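Observations on the three-dimensional arrangement
This is what each chain is made of:
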Amino acid sequence: MEDNFEYSIKLDFEIFKNATESEAEKILAKEILQSLILRNELGEDISLIEKKRLDTINKLLKKGKLSNLSDYELISGRIDEIYADAGKAEEVKQLNELLLAYQNVR
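Residues numbered from 1 in each chain as written. Predicted model: local features only at pLDDT ≥ 70, side-chain atom pairs only at ≥ 80, totals over all residues. Heavy atoms only, no water.

Let us now look at the overall build of the protein. Check the secondary structure of the protein and you find five helices and zero strands. Ordered by position in the sequence, the α and β elements of the protein form the string α-α-α-α-α. The proportion of buried residues among the 106 residues of the protein is 23%. Looking at the protein alone, contacts between residues at least 24 apart form 41% of all its contacts between residues at least 6 apart. Surface exposure of the protein reaches about 7,800 Å², of which carbon and sulfur atoms provide 54%. (Helix = DSSP H or I, 4+ residues; strand = E, 2+ residues; numbered from the N terminus. Buried < 20%, exposed > 50% of the residue type's maximum accessible area, 1.4 Å probe, protein only. Contact = heavy atoms within 4.5 Å. Areas by Shrake-Rupley, 256 points an atom, 1.4 Å probe, with all protein chains shown as cover.)

Time to look at helix H5 (residues 89-105). Compared with an ideal rise of 1.5 Å per residue, which puts 17 residues at 24 Å, H5 spans 25 Å between its outermost C-alpha atoms and is within 8% of the ideal. Within H5, burial applies to Glu91, Val92, Leu95, Leu98, Leu99 and Tyr102. Viewed along the axis of H5, the buried residues span an arc of 120°, placing them on a single side of the element. Contacts made by the buried residues of H5 are with helix H3 (46-63) and helix H4 (69-82). (Expected span 1.5 Å × (residues − 1). Arc of directions from axis to C-beta.)

Ile57, Leu60, Leu66, Tyr72, Ile75, Ile79, Ile82, Val92, Leu95, Leu98, Leu99 and Tyr102 form the largest nonpolar core, which has twelve residues in total. Residue assignment for this core shows that the elements contributing at least two residues are H3, H4 and H5. The biggest single contributor to this core is H5, with five residues. Setting aside residues up to four positions removed in sequence, isoleucine 57 forms contacts with Leu74, Ile75, Arg78 and Leu95. (Core = buried A, V, L, I, M, F, W, Y, C linked by side-chain atoms within 4.5 Å.)

This next bit is on the packing of H3 against H4. The description of two packed helices rests on the angle between their axes and on the distance between the axes. Contact geometry for H3 and H4: axes closest at 11 Å, N-to-C directions at 105°. By the angle between their axes, H3 is roughly perpendicular relative to H4. Contacts from Glu50, Arg53, Leu54, Thr56, Ile57 and Leu60 in H3 reach Asp71, Leu74, Ile75, Arg78 and Glu81 in H4. Grouping the constituent residues of the contact of H3 with H4 by class yields five nonpolar, one polar and five charged. (Axes fitted to C-alpha atoms, helices over the stretch in contact; angles between N-to-C directions. Parallel < 35°, antiparallel > 145°, perpendicular 65-115°, else oblique. Nonpolar A, V, L, I, M, F, W, Y, C, P; charged D, E, K, R; others polar.)

This brings us to the pattern of salt bridges. Any two side chains of opposite charge can pair, so long as their charged atoms come close to each other. Following the criterion strictly, the structure yields five salt bridges and no others. Of the charged contacts, one joins arginine 53 and glutamate 50 as a salt bridge, the two residues approaching to 2.8 Å between their closest N and O atoms. With arginine 53 and glutamate 50 both in helix H3, this residue pair falls three residues apart, about one helical turn. Measuring nitrogen to oxygen at the nearest pair gives 2.9 Å for the salt bridge that ties lysine 51 to aspartate 55. (Salt bridge = Lys/Arg side-chain N within 4 Å of Asp/Glu carboxyl O.)

Quick look at the packing of H4 against H5 now. Across the interface, H4 lies against H5 with an axial gap of 10 Å and an inter-helix angle of 150°. Taken together, the axes of H4 and H5 lie roughly antiparallel to each other. Of the two elements, H4 crosses H5, and the hand of that crossing is left-handed. Facing Leu69, Tyr72, Ile75, Ser76, Arg78, Ile79 and Ile82 of H4, the residues of H5 in contact are Glu91, Val92, Leu95, Asn96, Leu98, Leu99, Tyr102 and Gln103. Classifying every residue of the contact of H4 with H5 gives ten nonpolar, three polar and two charged. (Left-handed = near helix turned anticlockwise from the far one by under 90°.)

Function cannot be inferred from these measures alone, as they are strictly geometric.
Here it is in structure tokens:
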């Protein structure tokens, strides 16, 4: 018998493949599938991983400086994620300031 994870993956794939009612259903099914795969590979739920990532970004903002290339890439990725959202303009500005400060130190 298949383990629960493999069964969940197959079920989610079928939902995604057969979802013709709307793009929203396809997107949701794809996100569920990706979450299950990551949970299996990393041993953690994707929402917990995302929370940790955002917590780290907030800590870097409070600290006011980046210490290494990993911090730089994390901040750069966050900017790529939110730059088009007008409601996030202030966060983008703060994140860009961190990147510039890091580049000037190097």
